[in-house]
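Inside the fold
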Amino acid sequence: LECCARDILRMEGCKMITKDSLLLCGLVIVASAVLVRVSVGLGAYSGAGKPPMYGDYEAQRHWMEITINLPVNQWYQNSSDNNLLYWGLDYPPLTAYHSWLCGIIAHHLDPNWVALNASHGYESYHHKLFMRYTVLLVDVIIYFSAAFLFVATCLSEWTESEKLGLLLLLLLQPSMVIIDHGHFQYNCISLGLALFGVIAVVHDWDVIGSIAYSMSLNYKQMELYHALPFFCYLLGKSLQSDRRIVKITKLGVTVIAVFVLCWMPYLSRMDDILQVVHRLFPFSRGLYEDKVANVWCTTSVLMKLRGLLTQQSLTLLTAVSTLVATLPSCLHLLYNPTPYCFVLALVSGYVCRVKYGHHICGEYI
């Protein structure tokens, strides 16, 4: 794939490429991306046939089971029908709503797939096929669309062959394909929504971009590592506007409205809000997993922070370290709100979050 991308990027005579050739290349890239995803889905996955947890396949299935059988205000609560130690929901409400929608379809196809409690550890050929298709469908609809729109509208100074090369790399990014289509995840939704947000704010559709990014953050909390760059870019642009107060107010109301809509079932009781937040940020799991090569894992060779500091101190340490590492690029972006600086800040924020923050191996990959 890398050689193929390089060949595309080295193509000469780009102006001689016809629209039909571009369309054909685009279709070949899409077909290749879909084929790779389907091929990965044919392979084995972690936890298959291994009780009592069965892996992320069971986690996604179990969330469908919980969301269609229990009231919405019990999705994040521990109970006899919702043992949080058995793959309890630990993603934001938009993920839960997506699981609920998939669960409705699953129940219609075969109630045994999502029967409350009785379906724990359920594995069958047809259900695995259903699960694979749910990932592939949202990947094509959301992430593929965002990638196409980004390449088509945000790279005006690039040649057509360079755009095709980038599209190839975006759609065949190995780690995302493996995690989503080999390990049963839906990162393509949050990443696709975030990319829609990037596209929108770069084109000065700031309200639409705020909605897209807020939805991304409400789907997976790992999008927090893009929060400060988005905030600084939108604030920087607003401060340079003649109607800065109106613009800032409009963006603030937009973000709050999206969060209120996503969290509405839990806003009536403070205990419900705190429980969801507790599930989203499971600091008790530890500072890092053994597979993760971040700063804290590296320094543990010399100093075991987990043995020296309390969990509260470790949480504060990682939060402050991540913020300090991210601030330089974001402050520069605040005073220079250009698309180029925005992209640099997004990358910087991601790297700092990975190297200094609390996370598990899936986020790291």
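The structure under discussion appears in the preceding block.
Keep in mind the model is a prediction, meaning the values are calculated, not measured.

This part covers the overall build of the protein chain. Helix and strand counts for the protein chain come out as 17 helices and zero strands. When burial is assessed residue by residue, the protein chain has 45% of its 365 residues classed as buried. Sequence-distant contacts, at least 24 apart, represent 73% of the contacts inside the protein chain between residues at least 6 apart. Put simply, the protein chain shows about 18,800 Å² of open surface, and 68% of that area lies on carbon and sulfur atoms.

A few words now on the environment of Leu195. Inspection of the secondary structure assignment puts Leu195 in helix α8 (residues 187-202). By relative accessible area, which is 15% here, Leu195 ends up buried. Residues Leu195 and Ala146 lie 49 residues apart in sequence; the distance between their C-alpha atoms is 6.0 Å.

Time to look at the side chain of Ser321. The residue Ser321 is located in helix α15 (residues 311-335) in this model. At 2.7 Å, the side chain of Ser321 forms a polar contact with the backbone oxygen of Leu317. Setting aside residues up to four positions removed in sequence, Ser321 forms contacts with Trp296 and Tyr356.

This part takes up the nonpolar core. Core analysis: the largest hydrophobic core is formed by 54 residues, its most contacted members being Trp75, Phe150, Leu171 and Ile189. A per-element tally of this core places helix α5 (residues 125-153) first, with 11 residues. Among the nonpolar cores identified, the runner-up in size contains 16 residues, and Leu217, Leu333, Ala345 and Leu346 belong to it.

Below, the discussion takes up the packing of α5 against helix α6 (residues 160-171). Running from amino to carboxyl end, α5 crosses α6 at an angle of 160°, the nearest separation of the two axes being 10 Å. Classified by the angle between their axes, α5 and α6 sit roughly antiparallel to one another. For the crossing formed where α5 meets α6, the hand is right-handed. Between α5 and α6, the residues in contact are Tyr143, Phe144, Ala147, Phe148, Phe150, Val151 and Ala152 and Lys163, Leu166, Leu167, Leu170 and Leu171, respectively. Residues belonging to the contact of α5 with α6 are distributed by class as follows: 11 nonpolar, no polar and one charged.

Look at α5: 41 Å from first C-alpha to last across 29 residues, which is about the 42 Å you get at 1.5 Å a residue. At Asp139, α5 is bent by approximately 35°, the largest bend along its length.

Below, the discussion takes up the environment of Val177. Following the sequence through the fold, Val177 ends up in helix α7 (residues 174-182). For the pair Val177 and Cys188, spaced 11 residues apart in the sequence, the C-alpha separation amounts to 8.8 Å.

Before going further, it helps to spend a moment on unusual backbone geometry. The step from Pro51 to Pro52 runs through a cis peptide bond, and the omega angle for that step is 5°. Counting through the fold element by element, Pro52 comes out in the loop between α2 (19-41) and α3 (56-69). Backbone geometry at Asn117 places phi at a positive 70°, although glycine is not the residue there. With respect to the helices and strands, the residue Asn117 is situated in the loop between α4 (93-109) and α5.

Given a rise of 1.5 Å per residue, 12 residues ought to cover 16 Å, and the 16 Å separating the end C-alpha atoms of helix α9 (residues 206-217) matches this to within 8%. Within α9, the full set of buried residues consists of Asp206, Gly209, Ser210, Ala212, Tyr213, Ser214, Ser216 and Leu217.

With that settled, consider the packing of aromatic side chains. Overall, the coordinates contain 11 aromatic pairs when judged by the stated rule. Between the aromatic rings of Tyr233 and Phe342, the centroid separation amounts to 4.4 Å while the plane-to-plane angle is 10°, which identifies the pairing as stacked. Residue Tyr233 is located in helix α10 (residues 227-239), and its partner Phe342 is located in helix α16 (residues 339-356); the two are separated by 109 residues in the primary sequence. Looking at Tyr233, the relative accessible area reads 2%, which means it is buried. Looking at Phe342, the relative accessible area reads 0%, which means it is buried. Pairwise contacts between aromatic rings join Tyr213, Phe230, Tyr233 and Phe342 into one cluster. Sitting above the plane of the Phe184 ring, Arg132 keeps its charged end 3.9 Å from the centroid.

Below, the discussion takes up the pattern of salt bridges. Side chains carrying opposite charge are able to pair once their charged atoms draw close together. Across all of its chains, the model carries nine salt bridges by this definition. Notably, a salt bridge pairs Asp206 with Lys247, separated by 3.1 Å at the nearest N-O pair. Taken together, the positions of Asp206 in helix α9 and Lys247 in helix α11 (residues 244-263) put the pair 41 residues apart, joining distant regions of the chain. A residue is classified by how much of its surface remains accessible, and Lys247, at 25% relative accessible area, is partly exposed. Salt bridges linked by common partners bring Asp204, Asp206, Lys237 and Lys247 together as one network.

Conventions used here
Residues numbered from 1 in each chain as written. Predicted model: local features only at pLDDT ≥ 70, side-chain atom pairs only at ≥ 80, totals over all residues. Heavy atoms only, no water. Helix = DSSP H or I, 4+ residues; strand = E, 2+ residues; numbered from the N terminus. Buried < 20%, exposed > 50% of the residue type's maximum accessible area, 1.4 Å probe, protein only. Contact = heavy atoms within 4.5 Å. Areas by Shrake-Rupley, 256 points an atom, 1.4 Å probe, with all protein chains shown as cover. Polar contact = N/O pair within 3.5 Å; in protein donor to acceptor, adjacent residues only side chain to side chain. Core = buried A, V, L, I, M, F, W, Y, C linked by side-chain atoms within 4.5 Å. Axes fitted to C-alpha atoms, helices over the stretch in contact; angles between N-to-C directions. Parallel < 35°, antiparallel > 145°, perpendicular 65-115°, else oblique. Left-handed = near helix turned anticlockwise from the far one by under 90°. Nonpolar A, V, L, I, M, F, W, Y, C, P; charged D, E, K, R; others polar. Expected span 1.5 Å × (residues − 1). Bend = angle between axes of the 7 residues up to and from the residue. Phe/Tyr/Trp six-rings, centres within 6.5 Å; stacked < 30°, edge-to-face > 60°. Lys NZ or Arg CZ within 6 Å of the ring centre and 35° of its normal. Salt bridge = Lys/Arg side-chain N within 4 Å of Asp/Glu carboxyl O.

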